Amino acid sequence: MPEHSPADLLDLDRRHVWHPYGPMPNRQEQLLVESASGVRLRLAEPAHGQRELIDGMASWWSAVHGYNHPVLNEAAHGQLDRMSHVMFGGLTHGPAVRLAARLVEITPGPLQHVFLSDSGSVSVEVAVKMCLQYWRSVGKPAKQRLLTWRGGYHGDTWQPMSVCDPEGGMHELWQGALPRQLFVGAPPTEFDEAYARELRETIARHADELAAVIVEPVVQGAGGMRFHSPEYLRVLREACDASGVLLVLDEIASGFGRTGALFAADHAAVSPDVMCVGKALTGGYLSMAATLCTSEVAEGISSGEVPVLAHGPTFMGNPLAASVALASIDLLLGQDWQGEVKRIEAGLRDGLGAARSIEGVREVRVLGAIGVVQLDHPVDMTAATAAAVREGVWLRPFRDLIYTMPPYVTDDDDLATICRAVCAAAREG
Ligand code: PMP
């Protein structure tokens, strides 16, 4: 194959490569990344005068330690020399077993069993299958529906799409074809007793048909970047227990420290029956996610007519990903990650405060290492992205939102630059 120039690559990209939510042929402008190190993406060609961009998105919540980290590189290299992948049916290996044991150790107490998959969406599919199969196995086959709150996002495969926000969201196209689930309104930011009552009553009213409640705890991500009181998790836990409904927490975005607690459920000291993690699990290096469940769920499934969990992806338990995930967890927990997330939270509060006086800004909100500026109009993505790139920062605005969830290793100067870029995007978007 001939060497491709950056222009050739971009041309091929436009003609052949689908990007997330992208048209074909691809008419969107793409920046060609040559390498990434620390918090910076290095571009093959300058864009708006910049060759390097601080990644204000941490690769969609995942690159918490930054790129090209020596510890994670070493974990990947070391494992690569031993075994990059082997089927998981009938075979097992140290990296996956050690990772599963570590996840059991650091997640809320009752979670004991781990299914390792290859993406967040699949981990949610697995969570839903666990819940539905549990109820079939214990003789309550009518309990097959899910309840969630509006404004959520759980992935782009079929079951996860059915519990994403059904209105104005990314999956409106599929309404009518997706399984029909139950929705209550999005949780208010502050604790609201009337809303909590509605949650309790809806769960109780539909207990006979409900397999599980599934929600994103404390932060709703791609459905709107909204935060809510952890108190609602306690309400859900009590209501689910009272009605015999399983509670699934989707910690794919919120897990591994992003909200200031290791898992968002920890803010409320709540344990779910089933929990999904992904994204930052491998520090953003490799595609891996996990679904954890309690012994009660596992034993229920095992007592059924089909006593196995009928799911088995080819790349299940990938040893490379598992080794890097272990190294990433050790790296995170071996440092004062809470201090770092607090430092970022303070920096975002300081730096994004200035956005409040920008015309067209409706709200500025910060939680942990997440900063959000919401406009009173749909953002002009091209203009807003260009404004951020001119400041030397990579952001990915959507709908009426300009937001950042930087790597935890972002230093104060770079954080200030990110905040300036968010403000510039809000001004020009
Ligand atoms: N759940 C949540 C809360 C997410 O934020 C995402 C990804 N944005 C997913 C599920 C789906 O994960 P993936 O993109 O890895 O399939």
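Note that the structure is a prediction, hence the values are computed from the model and not measured.

> Any chance you could break down the overall build of the protein chain for me, citing the residues and the numbers?
Assigned secondary structure in the protein chain consists of 13 helices and 16 strands. Taking 22 Å as the expected radius of gyration for a compact globule of 429 residues, we find that the protein chain reaches 22 Å, a close match to that expectation. Counting only C-alpha atoms and orienting by the principal axes, one finds that the protein chain spans roughly 65 × 55 × 45 Å. Counting all 429 residues of the protein chain, 47% fall into the buried class. Intrachain contacts of the protein chain at a sequence separation of at least 6 include 73% that bridge at least 24 residues.

> I'd like to hear about the UniProt feature "binding site: pyridoxal 5'-phosphate" (unreviewed entry) in the protein chain, residue by residue, with values.
According to UniProt, the "binding site: pyridoxal 5'-phosphate" (unreviewed entry) feature falls on G120, S121, D250, P313 and T314. Across 195 residues of sequence, these annotated residues are also dispersed in space, with a maximum C-alpha separation of 22.9 Å. For G120, the location among the structural elements is in helix α5 (residues 120-137). Residue G120 is classed as buried on the basis of its C-beta count, with 29 C-beta atoms lying within 10 Å.

> Before we move on, can you summarise unusual backbone geometry with the specific residues and values?
The omega torsion of the bond from M24 to P25 falls at -5°, within 30 degrees of zero and hence cis. Structurally, the position occupied by P25 is in the loop between α1 (6-16) and β1 (33-37). Of note, the phi angle at N68 is positive, near 55°, even though the residue is not glycine. Note on placement: N68 falls in the loop between α2 (58-61) and α3 (70-82). The exposure class assigned to N68 is partly exposed, which follows from the 14 C-beta atoms found within 10 Å. At V218, a position not held by glycine, the phi torsion is positive, near 70°. On the basis of neighbour count, V218 is assigned to the buried category, with 29 C-beta atoms found within 10 Å.

> Break down the confidence of the model for the protein chain for me, with residues and values.
When pLDDT is averaged along the protein chain, the result is 97; 99% of the residues meet or exceed 70. Scoring the predicted complex yields pTM 0.98 and, for the interface, ipTM 0.99.

> Break down the environment of S254 for me, citing the residues and quoting the values.
Tracing the sequence through the fold places S254 in the loop between β10 (246-250) and β11 (274-277). S254 sits in the buried class, given 30 other C-beta atoms within 10 Å. Remark: the alpha-carbon pair of S254 and I370, spanning 116 residues in sequence, is separated by 9.8 Å.

> If you had to explain the site of the ligand to someone new, which residues and values would you point to?
Looking at the ligand, there are 14 residues lining it, with G120, S121, G155, I252 and A253 nearest. Broken down by element, the shell around the ligand gets its largest block of residues, 3 residues, from α5. Each residue belonging to the shell around the ligand can be placed in one class, and the counts come to 5 nonpolar, 7 polar and 2 charged.

> A description of the nonpolar core should follow, citing residues and the corresponding values.
Formed by 128 residues in total, the largest nonpolar core has its most connected members in C131, A212, V213, L246 and V422. Per-domain counts for this core show at least three residues from each of domain 1 (31-68 + 336-428) and domain 2 (73-334). The contact partners of V422, leaving out residues within four places of it in the chain, are L352, A355, G371, V373, L395, I402 and T404.

> Tell me about the UniProt feature "binding site: substrate" (unreviewed entry) in the protein chain, and please be specific about residues and values.
Mapped onto this structure's residue numbering, the UniProt feature "binding site: substrate" (unreviewed entry) falls at W60, Y153, K279, G312 and R396. Across 337 residues of sequence, these annotated residues are also dispersed in space, with a maximum C-alpha separation of 33.5 Å. Here G312 shows up in the loop between α9 (295-302) and α10 (319-333). Note on G312: 12 C-beta atoms within 10 Å, which makes it exposed. Here R396 shows up in the loop between β15 (393-394) and β16 (401-404). Overall, R396 belongs to the partly exposed group, with 16 C-beta atoms counted inside 10 Å.

Procedures and definitions
- Each residue is numbered by its place in its chain's sequence as written, counting from 1.
- The predicted origin of the model limits local features to residues at a pLDDT of at least 70 and limits the giving and counting of side-chain atom pairs to 80 or more, whereas totals for whole chains, interfaces and linings rest on all residues.
- To qualify as a helix, a DSSP run of H or I must reach at least 4 residues; to qualify as a strand, a run of E must reach at least 2; elements of each kind are numbered from the N terminus.
- Computation of the radius of gyration draws on C-alpha atoms alone. For the globule rule, the value is 2.2 Å times the number of residues to the power 0.38.
- Remark: C-beta atoms are placed from the backbone, and a residue is labelled buried if 20 or more other C-beta atoms sit within 10 Å of its own, exposed if 12 or fewer do, or partly exposed between those counts.
- Residues are treated as contacting if the C-beta atoms built from their backbones sit within 7 Å of each other.
- UniProt positions are given in the numbering used here, feature names are shortened, and annotations may be inferred rather than shown by experiment.
- Note on scores: pLDDT gives the predictor's confidence for each residue, bounded by 0 and 100.
- Here, nearness is defined through the C-beta atom: a residue counts as near a molecule or strand if that backbone-placed atom lies within 6 Å of it.
- Residue polarity follows a fixed list, in which Ala, Val, Leu, Ile, Met, Phe, Trp, Tyr, Cys and Pro are nonpolar, Asp, Glu, Lys and Arg are charged, and the others, Gly among them, are polar.
- Defined on buried residues, the nonpolar core groups Ala, Val, Leu, Ile, Met, Phe, Trp, Tyr and Cys residues joined through C-beta atoms within 7 Å.
- Where each domain starts and ends comes from a domain assignment, either automatic or drawn from a database.

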